[in-house]
Amino acid sequence: MNAMEKVAWTNLIVSAGAVVVATATAPWLGAAATSFFALLALTPLGMVFLRQRGSRVVVDERDREIDRQAGRFAVATSWMLLVMVLIAVTMWGSYTQEHAVPTAVLNWLIWIQFAMCFGMRGLAAIVLYRRPHAA
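Bear in mind the structure is a predicted one, so any value in this text is a computation, not a measurement.

It is worth spelling out a nonpolar patch on the surface at this point. Together, Leu-39, Leu-42, Leu-45 and Val-48 line one region of the surface with nonpolar side chains, adding up to about 320 Å² of accessible area. Counting through the fold element by element, Leu-39 comes out in the loop between helix 1 (3-29) and helix 2 (61-95).

What follows concerns the pattern of salt bridges. Taken as a whole, this structure holds three salt bridges when the rule is applied. Glu-5 is the partner of Arg-130 in a salt bridge, and the nearest nitrogen-oxygen pair spans 2.6 Å. Here Arg-130 is found in helix 3 (residues 103-130), whereas its partner Glu-5 is found in helix 1, with 125 residues between them in sequence. Judged by its relative accessible area of 52%, Arg-130 falls in the exposed class. For Arg-121, the salt bridge is made with Asp-67, and the minimal N-O distance between the two is 2.9 Å. Of this pair, Arg-121 sits in helix 3 while Asp-67 is found in helix 2, placing the two residues 54 residues apart along the sequence. Relative accessible area serves as the criterion here: at 30%, Arg-121 is assigned to the partly exposed category. Relative accessible area serves as the criterion here: at 27%, Asp-67 is assigned to the partly exposed category.

A separate point is the environment of Ala-32. By secondary structure assignment, the location of Ala-32 is in the loop between helix 1 and helix 2. According to the relative accessible area criterion, Ala-32 is partly exposed, its value standing at 44%. When the C-alpha atoms of Ala-32 and Ala-104 are compared, they prove to be 9.6 Å apart, with 72 residues separating the residues in sequence.

Criteria and thresholds
- Residues numbered from 1 in each chain as written.
- Predicted model: local features only at pLDDT ≥ 70, side-chain atom pairs only at ≥ 80, totals over all residues.
- Heavy atoms only, no water.
- Patch = residues over 30% accessible without salt bridge, like charges linked within 9 Å, V, L, I, M, F, W, Y side chains within 5 Å.
- Areas by Shrake-Rupley, 256 points an atom, 1.4 Å probe, with all protein chains shown as cover.
- Salt bridge = Lys/Arg side-chain N within 4 Å of Asp/Glu carboxyl O.
- Helix = DSSP H or I, 4+ residues; strand = E, 2+ residues; numbered from the N terminus.
- Buried < 20%, exposed > 50% of the residue type's maximum accessible area, 1.4 Å probe, protein only.

The structure is reproduced here in structure tokens:
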């Protein structure tokens, strides 16, 4: 496993952990459970794997291309999911005759979208590293 794949695993684990912890504590803490999304601040820990070790190459062109592809996929996926969920929430609000979306729901959507962007970037990079490729 190379350094960039370790960074991808770190992003995926930290993002999934933040979502799980925030969601698990929501019944007790309510809207304050979104403070556990602060765990996303641990994503830069993956940069520890990118330290230069002597004259060894840490990141090459393939790693950079995989990182670009994963980043584009993550942003596109998270934005499309956010748009679809916002459409569903506003349609539900119209159905229930509430003509406003609660700010707590919007706060959760923003944080989940942010965590999903990092998580999808990690997942896409892992898939791209694991798929068979021609030499």
